[in-house]
Amino acid sequence: MNDFAERDNRQAVGTIVLIALGVRLFLLFYGKALEEDFFITLRYAENLAKGNGFVYNIGQKVLGTTTPLYTLWLALFVSLHINPIVVAQVTGIIADILTCLCVIRLSRSLKYPDIGLFAALCVALAP
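## Notes on the packing of aromatic side chains
Piece 1. Across all of its chains, the model carries 5 aromatic pairs by this definition.
Piece 2. Ring centres of F38 and F39 lie 5.3 Å apart, and the angle between their planes is 70°; this geometry places the pair in the edge-to-face category.
Piece 3. A centroid spacing of 5.8 Å and a plane angle of 45° characterise the contact between Y44 and Y56, whose relative ring orientation is tilted. Of this pair, Y44 sits in helix α2 (residues 36-49) while Y56 sits in the loop between α2 and α3 (68-79), placing them 12 residues apart in sequence.
Piece 4. Judged by relative accessible area, Y44 falls into the buried class, the value being 2%.
Piece 5. The class for Y56 is partly exposed, based on a relative accessible area of 30%.

Given below as structure tokens:
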């Protein structure tokens, strides 16, 4: 790839990252919507951080969270008295941007860089 094409490609990737960030920040400040599953995960994280175990209801040992690793991540911040909702929102933004970059990288390895840029743009625009 020549220098001109490489620079254009970097600009396209940067633009996609900025679009993803912009859409996520817009939704963060104006959407105010969190999925019901998040509050289930948050309750598990709060119980875990308070020493009640990895449970939804204290005394009932049933695994009901769909994201155990994410629950552990949130429990860490609950135990540090850092707002887990803000942590979850920032984590989601970072994960979405990394997803865009992974789509681009995967498409390059499959020799379809233009399709990858389009697919990453679709991911960036999807809430």
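## Side note on the environment of C122
Piece 1. Within the secondary structure, C122 sits in helix α5 (residues 113-125).
Piece 2. Remark: the alpha-carbon pair of C122 and Q11, spanning 111 residues in sequence, is separated by 17 Å.

## Some details on helix α4 (residues 84-109)
Piece 1. Taking 1.5 Å of rise per residue, 26 residues should cover 38 Å, and α4 covers 36 Å from first to last C-alpha, within 8% of that figure.
Piece 2. Taken together, the buried positions of α4 are P84, V87, A88, I93, I97, C100, I104 and S107.
Piece 3. The N-cap of α4, judged by a side-chain oxygen 2.9 Å from the amide nitrogen of I85 a few residues on, is N83.
Piece 4. K111 occupies a position one or two residues after α4 and carries a positive phi of about 70°.

About the thresholds
- Residues numbered from 1 in each chain as written.
- Predicted model: local features only at pLDDT ≥ 70, side-chain atom pairs only at ≥ 80, totals over all residues.
- Heavy atoms only, no water.
- Phe/Tyr/Trp six-rings, centres within 6.5 Å; stacked < 30°, edge-to-face > 60°.
- Helix = DSSP H or I, 4+ residues; strand = E, 2+ residues; numbered from the N terminus.
- Buried < 20%, exposed > 50% of the residue type's maximum accessible area, 1.4 Å probe, protein only.
- Expected span 1.5 Å × (residues − 1).
- Polar contact = N/O pair within 3.5 Å; in protein donor to acceptor, adjacent residues only side chain to side chain.

The values reported here are purely geometric and, on their own, carry no functional implication.
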